Amino acid sequence: MGCMLKKMIFQSLNELFIKSKNFIRSIIDFFKFFYFFNTRYDKNKKTLLVFSHDGSSSGGAPVVLFKLLKNLELQNYNVVILFKNGGELVTECKKKGYAAYVYQYISTLYIRIIGPTTDSSIVNTVVCGNVIEHLQEVNSHMRIVWWIHEGKDVFEMMTSKLPRHLSGNTKVACVSQRSKDIFKEYYPKIDPVVLHYGLKDYFNKSNFFTRRQTFFSISIIGRLSDRKNQFQIIEALQLLPKNILENLNINIIAATWNEKYKNNFMNEAAKYKQIKLIPGLSHEKLLESYGNTDLLICCSKDDPLPVVVSEAMMMECPCLVSSGCGQYEYIENGINGYKYDVNNTYEMASKIVEIFNNKDIEKIKLNERKIYLREFSMQQSVNRMSHYLLL
């Protein structure tokens, strides 16, 4: 009990330190922005104003936003990116020539200054949604795209901060049909479009492909948490026949975790020699891992469009996807991948058996990549976002 209390106190103090650090930085950054706006802001160019909830480079919505920005035609734009919290992407944006700042709690000050001269704006994620009404108030001609990536848990957490009114100059774009369905629970009169993120194609990088392993290798990638549902693979192991268990390796690749969930998971996983925890990989190493993986499983309960599934499709790595994932709707069992009801572990186990015994998996891998090319390529994302922003 004493050790647990110490961990809780340390975690609370660490969170307070990070918030305080970001707040102090936001004050300093505002004065830097004010200087930029009065000395280097080019009034002869158009302006794109971007809001991101986080500057972390570890993955997710901030990273796919940054990659999209790098591929948009923005030579004739002032690009100003405001991050609610700091991180490595703030520096990366500056290297690209963008004006990047941490705003924390003072977004209104930025909007009052730059909003009236802004032509287009991307508001990335539900977490940043509280800036939309301020943008609409200062500039009714600004083209706003609210790009939503999250699931129901974040909507529930942010309910009190969601914008009450969305005007005609705000376009809502959801990253998947799943996130669209959740959005419509809160805004039933608005019909958003589905705008997938885009991924750079690494498939032709031959160094990412290595020889097939002796064992059948399964990878499960993502934060160790109840939402990602890694416990289900342990339940499925109990249902698999002996000949598969004797030829199985399971890599749990997680850079972050819920501490309690991780401890419980690892205590159970210790009973199975097949399971190995890999505490995070660089993106290049992650791409390499698809070449060593016979099956990627995404067992999430609620995951609007997990990047690892789209990347696996891109790299022709066979996927087994739960009904909690956004890619579920694009998969036809045995044709271009595999899927199962997230509430049915027996079905999950039977699909693992089917894939293990499939001697014609190459056709499925080819068809899987077609999903990536049609739905998740960078060019489709660039074309559609450019259209919505009137770039």
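Here is a short report on the structure shown in this document.

Scoring rules and cut-offs
- Residues numbered from 1 in each chain as written.
- Predicted model: local features only at pLDDT ≥ 70, side-chain atom pairs only at ≥ 80, totals over all residues.
- Heavy atoms only, no water.
- Helix = DSSP H or I, 4+ residues; strand = E, 2+ residues; numbered from the N terminus.
- Buried < 20%, exposed > 50% of the residue type's maximum accessible area, 1.4 Å probe, protein only.
- Lys, Arg positive; Asp, Glu negative; His and termini not counted.
- Charge placed at Lys NZ, Arg CZ, Asp CG, Glu CD.
- Phe/Tyr/Trp six-rings, centres within 6.5 Å; stacked < 30°, edge-to-face > 60°.
- Lys NZ or Arg CZ within 6 Å of the ring centre and 35° of its normal.
- Pairing = 2+ DSSP bridges.
- Contact = heavy atoms within 4.5 Å.
- Patch = residues over 30% accessible without salt bridge, like charges linked within 9 Å, V, L, I, M, F, W, Y side chains within 5 Å.
- Areas by Shrake-Rupley, 256 points an atom, 1.4 Å probe, with all protein chains shown as cover.
- Salt bridge = Lys/Arg side-chain N within 4 Å of Asp/Glu carboxyl O.
- Axes fitted to C-alpha atoms, helices over the stretch in contact; angles between N-to-C directions.
- Disulfide = S-S within 2.5 Å.
- Arc of directions from axis to C-beta.
- Core = buried A, V, L, I, M, F, W, Y, C linked by side-chain atoms within 4.5 Å.

1. Some details on the overall build of the protein chain
- Broken down by element type, the protein chain carries 15 helices and 13 strands.
- Its C-alpha atoms put the protein chain at 70 × 55 × 45 Å along the principal axes.
- Among the 391 residues that make up the protein chain, the fraction classed as buried is 53%.
- Looking at the protein chain, you have 50 positive and 38 negative side-chain charges, and the mean spots of the two groups are 5 Å apart.

2. So, the packing of aromatic side chains
- Across all of its chains, the model carries 23 aromatic pairs by this definition.
- Ring centres of phenylalanine 155 and tyrosine 186 lie 5.1 Å apart, and the angle between their planes is 25 degrees; this geometry places the pair in the stacked category. Within this pair, whereas phenylalanine 155 is found in helix α6 (residues 152-158), its partner tyrosine 186 is found in helix α7 (residues 177-186), the two being separated by 31 residues in sequence.
- Here the aromatic rings of phenylalanine 231 and tyrosine 261 are separated by 5.4 Å at their centres, their planes lie at 85 degrees, and the arrangement is edge-to-face. Here the residue phenylalanine 231 occupies a position in helix α8 (residues 231-237), and tyrosine 261 occupies one in helix α10 (residues 259-269), the gap between them amounting to 30 residues.
- Classification of phenylalanine 231 by relative accessible area gives partly exposed; the value is 22%.
- Clustering of aromatic rings is evident, with ring pairs tying together Phe30, Phe31, Phe33, Phe34, Phe36, Phe37, Tyr41, Tyr101 and Tyr110.
- It is lysine 43 that lies over the ring of phenylalanine 37; its NZ or CZ is 5.4 Å from the centre.
- If you follow lysine 339 out to its NZ or CZ, it ends over the ring of tyrosine 328, 4.5 Å from the centre.

3. Regarding unusual backbone geometry
- The backbone of threonine 125 shows a phi angle near 85 degrees, a positive value even though the residue is not glycine.
- Relative to the helices and strands, threonine 125 is located in the loop between β4 (120-124) and α5 (132-138).
- Overall, threonine 125 belongs to the buried group, its relative accessible area being 1%.
- With phi around 60 degrees, leucine 390 is a residue other than glycine that occupies positive phi space.
- Judged by relative accessible area, leucine 390 falls into the exposed class, the value being 58%.

4. Focus on the pairing of strand β10 (residues 275-278)
- Here strand β9 (residues 248-253) runs beside β10; their pairing, made up of four bridges, is parallel. Residue isoleucine 250 lies in a different strand from β10, and its bridge partner there is isoleucine 275.

5. A word on the environment of lysine 96
- If you trace the backbone, lysine 96 turns up in the loop between α3 (88-95) and β3 (99-102).
- Between the C-alpha atom of lysine 96 and that of glutamate 368, which follows or precedes it by 272 residues, the distance is 33 Å.
- Apart from residues lying up to four places away in sequence, lysine 96 is in contact with Phe66 and Lys70.

6. Observations concerning a nonpolar patch on the surface
- Nonpolar side chains collect at one region of the surface, where Phe23, Ile24, Ile27, Ile28, Phe31 and Tyr105 lie side by side and expose about 620 Å² of accessible area between them.
- Along the chain, isoleucine 27 falls in helix α1 (residues 2-39).

7. Side note on the sheet that holds strand β7 (residues 193-194)
- Strand order in the open sheet formed by seven strands is β3-β2-β1-β4-β5-β6-β7, with parallel pairing between adjacent strands. Every interior strand has two partners, whereas the edge strands, β3 and β7, have only one.
- In this fold helix α2 (residues 61-71) packs onto β1 (46-52), β2 (77-83), β4 and β5 (143-148), with an angle of close to 165 degrees to the strand it touches most, β1.
- Running at roughly 130 degrees to strand β6 (residues 170-174), α7 makes contact with β5, β6 and β7 of the sheet.

8. Details of the state of the cysteines
- By the definition in use, this model includes zero disulfides.
- Left unpaired, cysteine 128 is separated from the closest cysteine sulfur, that of cysteine 93, by 13 Å.
- Given the relative accessible area of 0%, cysteine 128 is considered buried.

9. Section: helix α4 (residues 107-114)
- Of the residues making up α4, those classed as buried are Ser107, Tyr110, Ile111 and Ile114. Looking down the long axis of α4, one finds its buried residues gathered within 95 degrees of arc, a one-sided arrangement.

10. As for the nonpolar core
- Ranked by size, the top nonpolar core spans 59 residues in total, and within it Leu69, Trp147 and Tyr290 carry the most contacts.
- Ranked by residues supplied to this core, first place goes to α2 with six residues.
- In this structure, tyrosine 290 is in contact with Ile221, Leu296, Val308, Glu311, Ala312, Met315 and Cys317, ignoring residues within four places of it in sequence.
- Membership of the second largest hydrophobic core comes to 37 residues, among which are Val80, Leu82, Val127 and Leu135.

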